[in-house]
Amino acid sequence: MAGPHDGPSPYGAGAVQVASVGYCDRCGEPAATGSHDRCAAARALEPPRYCPTCRRRLVVQVVPTGWTARCAEHGVTAS
Ligand SMILES: [Zn+2]
Ligand SMILES: [Zn+2]
């Protein structure tokens with residue numbers, strides 16, 4: 001909602017940012033705030049930690065095929 005706006009907005013000046021932008025699934029910060037390049041690089045190797053929709057901590061399980069991450073609200077995401 002009222003976070004800092006350091007980087008350039010992908011929506012242009014005056015546009016309303018909607019909640020569907022969501023959160024970074026590694027650091028839990030709003031995806032539209034700051035840079036998540038390092039998060040994206042880490043996420044190539046690691047499971048997510050936060051639900052990108054509601055920011056809850058995910059329950060991560062490592063499985064032979066990769067991982068599964070479960071949000072209490074939004075269900076399971078698998079690699
Ligand atoms: Zn991040
Ligand atoms: Zn969720």
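Residues numbered from 1 in each chain as written. Chains lettered and ligands numbered in written order. Predicted model: local features only at pLDDT ≥ 70, side-chain atom pairs only at ≥ 80, totals over all residues.

Peer 1: Looking at this structure, how should I read the overall build of the chain?
Peer 2: From N to C terminus, the chain includes one helix and three strands. Counted from the first residue to the last, the chain has its helices and strands arranged as α-β-β-β. (Helix = DSSP H or I, 4+ residues; strand = E, 2+ residues; numbered from the N terminus.)

Peer 1: Honestly, the pairing of strand β2 (residues 66-71) in this entry has me stumped. Any pointers?
Peer 2: In summary, the side chains of a regular strand alternate between the two faces of the sheet. Where strand β1 (residues 59-63) meets β2, five bridges bridge the pair, whose relative direction is antiparallel. The partner of V63 across the bridge, within β2, is G66. Linking β1 back to β2 in an antiparallel pair, the connection comprises two residues. Note that β2 and strand β3 (residues 75-78) share four bridges and pair antiparallel. Across the sheet, C71 pairs through a bridge with G75, a residue of β3. (Pairing = 2+ DSSP bridges.)

Peer 1: What am I meant to see in the nonpolar core here?
Peer 2: Most often, soluble globular proteins keep nonpolar side chains buried together rather than apart. Counting six residues, the largest nonpolar core consists of Y23, C24, Y50, C51, L58 and A69. Excluding its chain neighbours within four sequence positions, the residues that come into contact with C51 are R56, L58, C71 and H74. (Core = buried A, V, L, I, M, F, W, Y, C linked by C-beta atoms within 7 Å. Buried ≥ 20, exposed ≤ 12 C-beta atoms within 10 Å, placed from the backbone. Contact = placed C-beta atoms within 7 Å.)

Peer 1: Explain the sheet that holds β3 to me, please; I cannot follow it from the model alone.
Peer 2: Sheet strands associate in pairs through backbone hydrogen bonding, adopting either a parallel or an antiparallel arrangement. With antiparallel pairing, three strands are arranged side by side in an open sheet as β1-β2-β3. Looking at which strands have only one partner, the edges of the open sheet turn out to be β1 and β3. The mean inter-strand angle of the sheet, taken between neighbouring strand axes irrespective of direction, is 20 degrees. (Axes fitted to C-alpha atoms, helices over the stretch in contact; angles between N-to-C directions.)

Peer 1: Which parts of the structure should I look at to understand the environment of R26?
Peer 2: Among the structural elements, R26 can be located in the segment before α1 (37-43). Taking the C-alpha atoms as reference, R26 lies 7.9 Å from A40; in sequence the two are 14 residues apart. Excluding anything up to four places from it in sequence, R26 contacts C39, A42, R43, P48 and R49.

Peer 1: Before we go on, may I ask you to explain unusual backbone geometry in this structure?
Peer 2: Excluding glycine, residues mostly have negative phi values, and the peptide bonds linking residues are mostly trans. Its identity is not glycine, yet R55 carries a phi of approximately 70 degrees, on the positive side. You can see R55 is positioned in the loop between α1 and β1.

None of the figures reported here should be taken as evidence of function without further support.
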